[in-house]
Amino acid sequence: MFVLDSRLEQDTLPLGDFPLCRLLLMNDAQYPWFILVPRREEVSELFQLDAADQQALWRETTSLAETLKDTFGADKMNIATLGNVVGQLHMHVIARRRSDAAWPAPVWGRQPAKPYSAEQVAAIREKLRLVLTDHFRFGE
């Protein structure tokens, strides 16, 4: 059974599910920072996914990145799997702008997180509702 890592659960807000991945929003309003987590047990590395899941992860990542670039007017999309702190396989998809608080440096640890308000989260959900495909199921 899939269980989300407690650190991801603590630091993010759930948005919904693609066919393979759970979509999370990092609770830091300074950046449109999203995380995809494949709903598979005990997977910490890309190569531990079977070939079909690897392809699905890449499709979901690139589709999300394209959507976020357009929706949030990103100058650059940052996409990464690191897992040095959280061992569970997860893909960061961050819409970066030249005007953001950390540009051009990485977002990790640059500034203290500024949690989203309920209104900001609702606005992001609504923006995404308008552009995500039929293959995405929003959580409530």
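What counts, and at which threshold
Residues numbered from 1 in each chain as written. Predicted model: local features only at pLDDT ≥ 70, side-chain atom pairs only at ≥ 80, totals over all residues. Heavy atoms only, no water. 1 Å grid on protein atoms, 1.4 Å probe; cavity = no way out; pocket = protein on both sides within 12 Å on 5 of 7 lines; lining within 4 Å. Points joined across faces, edges and corners; volume = space filled by probe spheres on them. Helix = DSSP H or I, 4+ residues; strand = E, 2+ residues; numbered from the N terminus. Nonpolar A, V, L, I, M, F, W, Y, C, P; charged D, E, K, R; others polar. Phe/Tyr/Trp six-rings, centres within 6.5 Å; stacked < 30°, edge-to-face > 60°. Buried < 20%, exposed > 50% of the residue type's maximum accessible area, 1.4 Å probe, protein only. UniProt positions renumbered as here; feature names shortened; annotations may be inferred. Pairing = 2+ DSSP bridges. Contact = heavy atoms within 4.5 Å. Axes fitted to C-alpha atoms, helices over the stretch in contact; angles between N-to-C directions. Expected span 1.5 Å × (residues − 1). Arc of directions from axis to C-beta.

The protein chain goes by HIT domain-containing protein in an unreviewed UniProt entry, where it is assigned to Stutzerimonas stutzeri.

Go over the layout of surface pockets with me, naming the residues and quoting the values.
Reported here for the largest pocket is a volume of approximately 420 Å³. Lining the largest pocket are 21 residues, with Arg7, Asp11, Met26, Trp33 and Trp108 sitting closest to its centre. For the lining of the largest pocket, the secondary structure elements donating two or more residues are helix 1 (6–11) and strand 3 (33–38). Ranked by residues supplied to the lining of the largest pocket, first place goes to helix 1 with three residues. Split into classes, the residues belonging to the lining of the largest pocket amount to eleven nonpolar, seven polar and three charged.

Talk me through the packing of aromatic side chains; I want residue IDs and the actual numbers.
Here the structure, examined in full by the defined rule, presents five aromatic pairs. Look at phenylalanine 18 and phenylalanine 136: their rings are 4.7 Å apart centre to centre, the planes differ by 65°, and that puts the pair in the edge-to-face class. Of this pair, phenylalanine 18 sits in the loop between strand 1 (12–17) and strand 2 (21–26) while phenylalanine 136 sits in the loop between helix 3 (118–131) and strand 6 (137–138), placing them 118 residues apart in sequence. You can call phenylalanine 18 buried: its relative accessible area is 5%.

Before we move on, can you summarise the UniProt feature "domain: HIT" (unreviewed entry) in the protein chain with the specific residues and values?
Under the feature "domain: HIT" (unreviewed entry), the UniProt entry names residues 1–103. Secondary structure over residues 1–103 splits into 27% helix and 28% strand, and the C-alpha atoms at its two ends are 38 Å apart.

How would you explain the sheet that holds strand 2 if you had to name every residue and give the values?
If you trace the six strands from one edge of the open sheet to the other, you get 4-5-3-2-1-6, paired in antiparallel fashion. Every interior strand has two partners, whereas the edge strands, strand 4 (76–80) and strand 6, have only one. Both strand 3 and strand 5 (residues 91–96) contribute to a ladder of four bridges, which runs antiparallel. Bridge pairing links tryptophan 33 to isoleucine 94 in strand 5. Its contacts with the sheet place helix 2 (residues 51–72) against strand 2, strand 3, strand 4 and strand 5, and it is angled at close to 20° to strand 5. Helix-sheet contacts for helix 3 involve strand 1, strand 2, strand 3 and strand 6, and the interaxial angle to strand 1 is about 25°.

So what's going on with helix 3? Which residues, and what values?
Taking 1.5 Å as the rise per residue, helix 3 with 14 residues should run 20 Å; its terminal C-alpha atoms sit 21 Å apart, in good agreement. Taken as a whole, helix 3 has its buried residues at Val121, Ile124, Arg125 and Leu128. Each buried residue of helix 3 lies within a common arc of 100° when the element is viewed along its axis, so the set occupies one face. Of the exposed residues in helix 3, the ones pointing more than 90 degrees away from its buried face are Glu119 and Leu130. Against the buried residues of helix 3 lie strand 1, strand 2, strand 3, helix 2 and strand 6.

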